[in-house]
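Residues per chain, in single letters:
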Amino acid sequence: MNIVVCVKQVPDTATERKLRPDDKTLDRDAVDGVVNELDEYAVEEALRLKEAHGGEVTVLTMGPAKATETIRKALAMGADKAVHLSDDALHGSDALSTSYAMAQALKKIGFDLVILGSESTDARTGVLAAMLAERLGAPQLTLARKVEVNGSAIAIERITDYGYDKVEATLPAVVSVVEKINEPRYPSFKGIMAAKKKPVEALGIADASVDASAVGLAAAYSEVAEFAAAPPRAAGTIVKDEGDGGVKAADFLASKKFI
Amino acid sequence: MSEILVLVEHVDGEIKKVTLELLTLARTLGEPSAVWAGPGCGDAAKAKLAEYGADKIYVADSDEVVNYVVAPKAELLARLVADKSPAAVLVASTIEGKEVAGRLAVKTDSGVITDAVGLGEGFVADQSIFGGGVNVRSRVTKGTPIVAVRPNSTAPVAAAGAGAEEKVEVAPSEAARAAKIVERVKEEKGARPELTEAAIVVSGGRGVGSAENFAIIEKLADSLGAAVGASRAATDAKWYPHQFQVGQTGKTVSPQLYIAAGISGAIQHRAGMQTSKTIIVVNKDPEAPIFEIADFGVVGDLFQVVPQLTEEIEKRK
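In this text, all values refer to a predicted model and were calculated from it rather than measured experimentally. Think of each chain on its own: its residues are numbered from 1, step by step along the sequence as written. Written order decides the labels, with chains lettered from A and ligands numbered from 1. Totals for whole chains, interfaces and linings use all residues, but because this is a predicted model, local features are given only for residues with pLDDT of at least 70 and pairs of side-chain atoms are given and counted only at 80 or more. Values shown for side chains rest on all heavy atoms present in the structure; no hydrogens or waters enter the calculation.

Numbered from the N terminus, helices here are DSSP runs of H or I no shorter than four residues, and strands are runs of E no shorter than two. When helices and strands are counted, chain B shows nine helices and 17 strands. We compute the radius of gyration over the C-alpha atoms and compare it with the globule rule, which gives 2.2 Å times the number of residues raised to the power 0.38. Taking 2.2 N^0.38 as the reference for a compact globule, 317 residues should give roughly 20 Å; the C-alpha atoms of chain B span a radius of gyration of 21 Å, in line with that estimate. With a 1.4 Å probe rolled over the protein chains alone, any residue whose accessible area is under 20% of its type maximum counts as buried; one over 50% counts as exposed, and the rest are partly exposed. The buried share of chain B, taken over its 317 residues, is 61%. Contacts were defined at the residue level, with two residues in contact if any of their heavy atoms lie within 4.5 Å. Within chain B, contacts between residues at least 6 apart in sequence are counted, and of these 66% link residues at least 24 apart. Positive charges come from Lys and Arg alone, negative charges from Asp and Glu alone, with His and the N- and C-terminal ends not counted. To locate a charge, the coordinates of NZ of Lys, CZ of Arg, CG of Asp or CD of Glu are taken. The average position of the 34 basic charges and that of the 41 acidic charges among the side chains of chain B differ by 2 Å.

Structure, rendered in structure tokens:
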């Protein structure tokens, strides 16, 4: 089974993230990049499926040169090879053009199964997997908390507000996984060393048949009109519990008409 | 005034509150038309949609629309966008609502904005990003604006609309029938409201200390008719089920009132609740960062303060 797992480098959520004043995109230079946490579950799931069914795991990432660090992490976990879609023209791409460029790259790579994390911790739109399914004409098996493959049949448990749906489809398919579908492994020393020798193919937009005019900031389908640091919340009232903390909290709730 | 499509969220024929919020919002910007995907749009449901301002109700009364993952709903909306040329399409910014919005955006070659917490003239959307640290105003610049709006972004207000029903015949394409839902499994979660929709959320964190102790969080929640949430520390420790995790990698909530007990307020947690309107904090550590965003905070032992608060609420009912 040919599995492609999509990973994204995102700013560490523990650091302060900012938008660039000039083009209102995320300032990726100012912060440490890490693997999008939810993508680690996707890598792990891909490796487990490979271990159970055979095949190959390819990592696909789209992002600047710096994103190589993220690729190495996924390779160190055990993925076989990687494709790095990178081009200056891609800077500032929104979800629509990102999904277009990724879909083009996926068509070039070929796949039985595409696996992603359910969202990124920076943009948090949660739409990429659905958009890829739409663009690739592949079944959308998103928000999976469990994935089972049997020959060309695939079944998932898709989380919902009320519990979960059991969903069935036929490969090739697009899967997104939620946190806690598995426990992502830590790269071993051996894995880290091996990752350095694994092939990373650089893919420019022309190589992936991506139309340059359809990606990047200029092609975005929406614009940030304005942005500002959130004003600090007005300082609240903080009291020390002197045995009546619960009563005082109730008084506050009453003053706000909650009770 | 121009037509605005609002995708109705419903479970077992019951309309979810977020839909009434979207209708309320849509009324300020145009004439809302409700879109009902699937069976179950009974007279009571239609009356409710009209009560909150739906001028038209498009009903695609077919199992086919709901028996496959997301794609048929996006097809239905894409067809209505083509036929009716609405000024915008609003969906709830729930995990599924966002996926519908995403596919619709691809189908109609239109821009999409997710996680809006407000929407104004020209469909300019307010968003709160990076864990609540930055406020952004965005707008769609191509195609039909598609905006996913978070639950609790506005208070639903009734104002009657005509509520004229228009049936829509649908037959999802083969591509839209690729991922079949073969069974829906409802997991027991009692009478509490759904976490992302609840007007009040009471959450417990590391300070709660054990699964058993979550009973005091649940009691406070029940006294307020609230949903229960948990920080990642609590769900990682398996004290509370993972689907109730509020935070960066869990659910995002934006309730009228959020009560955080025994939660320090790491960015991981704040990202999921910082747009709550009123925040109450109980924590024994006066240095806990969660106090920075509290409207009211009690520095004290949650095992003393929370039961006392619950008792006091019951007393004052």
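Now that the structure is up, let's keep going.
Okay, the domain arrangement of chain B next. Residues and elements named next belong to chain B. Where each domain begins and ends is defined by an automated method or by a domain database. You can read the domains of chain B as domain 1 (3-177) and domain 2 (200-316). One C-alpha centre belongs to domain 1, the other to domain 2, and the line joining them spans 31 Å. Contacts between the two partners involve seven residues from domain 1, matched on the other side by 10 residues from domain 2. Summed over both partners, buried area is the accessible surface (1.4 Å probe) that two parts give up on being assembled. Counting the surface lost from both domain 1 and domain 2, the interface buries some 640 Å², and carbon and sulfur atoms represent 52% of this. If you sort the residues of domain 1 by the area they bury against domain 2, Gly131, Arg150 and Asn152 come out on top, with a joint share of 67%. We define a salt bridge as a side-chain nitrogen of Lys or Arg found within 4 Å of a carboxyl oxygen belonging to Asp or Glu. Applying the counting rule to domain 1 against domain 2 returns zero salt bridges. We define a polar contact as two N or O atoms separated by no more than 3.5 Å, with the added condition that, inside protein, one atom must be a possible hydrogen donor and the other a possible acceptor, whereas residues neighbouring each other in sequence contribute only through side-chain atom pairs. Scanning the region where domain 1 abuts domain 2 turns up one residue pair in polar contact (both at pLDDT 80 or more).

In this section: the nonpolar core. The definition of a nonpolar core used throughout is a set of buried Ala, Val, Leu, Ile, Met, Phe, Trp, Tyr and Cys residues joined through side-chain atoms within 4.5 Å. With 66 residues, the main nonpolar core has Leu113, Ile115, Leu141, Val147, Ile154 and Val175 of chain A as its most contacted residues. Top contributing element to this core by residue count: helix H1 (residues 37-53) of chain A, with seven residues. If we skip the residues at most four places from it in the chain, isoleucine 115 of chain A touches Ile3, Val4, Val5, Cys6, Ala42, Glu45, Ala46, Leu49, Val175 and Val177 of chain A. Of all hydrophobic cores here, the second largest spans 50 residues; its members include Val202, Ile263, Val298 and Val305 of chain B.

Between any two strands, pairing holds if DSSP finds at least two bridges. The strand order across the open sheet built from 10 strands is E11(A)-E5(A)-E4(A)-E1(A)-E6(A)-E10(A)-E7(A)-E8(A)-E9(A)-E12(B), with neighbouring strands paired in mixed fashion. Either end of the sheet is taken by a strand with one partner, and the two such strands are strand E11 (200-203) of chain A together with strand E12 (180-186) of chain B. The average angle at which neighbouring strand axes cross in this sheet is 30°, direction not considered. Bridge analysis of strand E7 (residues 140-150) of chain A against strand E8 (residues 153-159) of chain A gives six bridges, and the strand direction is antiparallel. Its bridge partner lying in E8 of chain A, glutamate 148 of chain A is registered against alanine 155 of chain A. To get an axis, a line is fitted to the C-alpha atoms, and for a helix only the part in contact is used. The angle between two axes follows their N-to-C directions and goes from 0 to 180 degrees.

So, about helix H2 (residues 68-77) of chain A. Those residues of H2 of chain A not exposed but buried are Thr70, Ile71, Ala74, Leu75, Ala76 and Met77 of chain A. Of the residues one or two after H2 of chain A, glycine 78 of chain A is the one with positive phi, at around 140°.

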